[in-house]
Amino acid sequence: MTEEFDRTRRILNFTRPIDHTAMMEALEIFSGRYEELAITSLGKSILGREIPLLQLGNGRKKVLYVGAHHGMEGMTAALLLRFVNEYFELCRTGSVVERVPVRALFAARSIYVLPMLNPDGVEYALHGVSDDNPMRDRVLSMNGGSADFGHWQANARGVDLNHNYNAGFEAYKRLEGELGILGGGPTRYSGEYPESEPEVAYLCNFLRFSKNFALALSLHTQGEEIYYTSVGEETVDSARIGRYLAGLCEYRLAKPEGPAAYGGFTDWFIRELGKPSFTVECGKGENPLPFSDFPMTYLRVRKMLFAAPMLV
């Protein structure tokens, strides 16, 4: 147990980057406070870390928020934890956010939150590769021999989870060759085949066997943009919802280009489920964003997180 948080605070004070241990501590606090919060596990990462799945509300229609596909984008986990914390506190007080009564939101929608899909990558980015890691030598080699993993995006074995989905995977493989990406590394390597990585396979299987998912948001950093298409494909509601969300955040609505247009979660959700999905590039600057940007970044995306479920 760390001393990361003051347990007496109604809203936890996130003052530094959130690793897996800090996330689990925050969830322990939430579990003790909010009996309405359901916490299960999507599965375990390659290195055995739990990937918690949270359910907020009990409405028939479901939405999904996913954070930390990429190791150096751990701030997105903190954004989602802050949202969960605030959601239940405002539900208790009967507050309204962006014309949405939070108690009504609880009754009408089920919001599923995956704060940290890639806990091993976040660990690498924040703390480097530990001496007891069975893949230590291999991973150090992937990182050019450097012990500095501050820009690591991939999972424990060098696969970029947001290129490991079966949505334009073969097209991206051809692009990998053009980019000189021949194997595992800090970023952009898509893996040997779609869903080769357990983190991605767990998420895809969960969604395949669940019903009534109507929308998804995948939080990344940085750029202050919202992507709403997959190589030109979109749902009938994607542009309408995307414009509204972009207006709430004051972000730019955009279409992904180049490598960002293939093999991602947003691509898979649109193609596999036929429902609107959005990649939200939170904050602006150079990755990894300094954690001092967290308060302002949360203020920009906060309304979107409360409003999005009622747009479907």
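For the structure given in this document, a descriptive report is provided here. Along each chain, residues carry numbers from 1 onward, in the same order as the chain's sequence is written. For a predicted model such as this one, the threshold for reporting local features is a pLDDT of at least 70, and the threshold for listing and counting side-chain atom pairs is 80 or more; totals across whole chains, interfaces and linings nevertheless cover every residue. The basis for every side-chain value is the complete set of non-hydrogen atoms in the structure, without hydrogens or water.

What follows covers the pairing of strand β3 (residues 61-66). For β3, the tally of buried residues reaches 5 of 6 residues, placing the bulk of the element in the interior. Two elements, β3 and strand β6 (residues 109-114), share 6 bridges in a ladder whose sense is parallel. Each residue of the ladder has a partner; that of Val-66, found in β6, is Leu-114. The pairing of β3 with strand β7 (residues 213-221) spans 5 bridges and is parallel. By the bridge assignment, Val-66 is partnered in β7 with Ser-218. Throughout this description, buried means an accessible area under 20% of the type-specific maximum (1.4 Å probe, protein chains only), exposed means over 50%, and partly exposed covers the range between. The numbering of helices and of strands both runs from the N terminus, where a helix is a DSSP run of H or I of at least 4 residues and a strand a run of E of at least 2. A pair of strands counts as paired when DSSP detects no fewer than two bridges linking them.

The next point concerns the nonpolar core. The definition of a nonpolar core used throughout is a set of buried Ala, Val, Leu, Ile, Met, Phe, Trp, Tyr and Cys residues joined through side-chain atoms within 4.5 Å. In this structure, Leu-56, Tyr-65, Phe-83, Tyr-87 and Leu-217 are the most contacted members of the largest nonpolar core, which totals 64 residues. The element best represented in this core is helix α2 (residues 75-93), accounting for 12 residues. Beyond its immediate sequence surroundings of up to four residues, Leu-217 is in contact with Leu-64, Tyr-65, Val-66, Leu-245, Phe-278, Val-280, Met-304, Leu-305 and Ala-308. Within the second largest apolar cluster, 20 residues are counted, among which are Leu-64, Leu-114, Val-200 and Phe-269. Contact between two residues is taken to exist if any of their heavy atoms lie within 4.5 Å; hydrogens are not considered.

With that settled, consider the sheet that holds strand β9 (residues 252-254). Backbone hydrogen bonds are what pair the strands of a sheet, in a parallel or an antiparallel way. Within the open sheet, the 8 strands sit side by side as β1-β2-β6-β3-β7-β10-β8-β9. Their pairing is mixed. Strands with a single pairing partner mark the edges of an open sheet, and in this sheet they are β1 (38-44) and β9. On average, each strand axis in the sheet is tilted by 20 degrees relative to the strand beside it, whichever way the strands run. Pairing of strand β2 (residues 50-56) with β6, which is carried by 3 bridges, proceeds in the antiparallel orientation. Considered in β6, the bridge of Leu-54 is made with Val-113. What counts as an axis is a line fitted to C-alpha atoms, over the stretch in contact for a helix, and the angles between N-to-C directions run from 0 to 180 degrees.

Once that is clear, we can look at the pattern of salt bridges. A side chain with one charge may pair with a side chain of the opposite charge, provided their charged atoms come close. What counts as a salt bridge is simple: a side-chain nitrogen of Lys or Arg found within 4 Å of a carboxyl oxygen of Asp or Glu. Counting across every chain of the model gives 14 salt bridges. The residue Arg-208 makes a salt bridge to Glu-195 at a minimum N-O spacing of 2.4 Å. Of the two residues, Arg-208 is situated in helix α7 (residues 198-208) and Glu-195 in the loop between α6 (169-179) and α7; the sequence distance between them amounts to 13 residues. With a relative accessible area of 34%, Arg-208 lands in the partly exposed category. Ionic pairing is found between Arg-271 and Glu-233, a salt bridge with its closest N-O pair at 4.0 Å. Here Glu-233 lies in the loop between β8 (225-227) and α8 (238-249) and Arg-271 lies in helix α9 (residues 265-273), a separation of 38 residues in the sequence. Residue classification places Glu-233 among the partly exposed positions, given a relative accessible area of 39%.

To continue, consider the state of the cysteines. Cysteine sulfur atoms are paired as a disulfide whenever they fall within 2.5 Å. All chains considered together, the criterion is met by 0 disulfides. Left without a disulfide partner, Cys-249 is nearest to the cysteine sulfur of Cys-282, which lies 7.4 Å away.

This brings us to α2. Here α2 is 19 residues long and its end C-alpha atoms lie 27 Å apart, about the 27 Å a rise of 1.5 Å per residue gives. Judged by how many residues are buried, α2 sits mostly within the fold: 16 of 19 residues are covered. Helix span is expected to be 1.5 Å times the residue number reduced by one.

Here the focus is unusual backbone geometry. In the segment running from Thr-221 into Gln-222, the intervening peptide bond is cis, with an omega of 10 degrees. Structurally, Gln-222 is set in the loop between β7 and β8. The linkage connecting Asn-287 with the following residue, Pro-288, adopts the cis geometry, with an omega of -5 degrees. Within the element layout of this structure, Pro-288 appears in the loop between β10 (277-282) and α10 (294-307). Positive phi, close to 55 degrees, is recorded for Ala-68, a residue that is not glycine. Relative to the assigned elements, Ala-68 resides in the loop between β3 and α2. By relative accessible area, Ala-68 is classed as buried at 0%. We note that Glu-98 has phi near 50 degrees; this positive angle belongs to a residue other than glycine. Along the chain, Glu-98 falls in the loop between β4 (96-97) and β5 (100-101).

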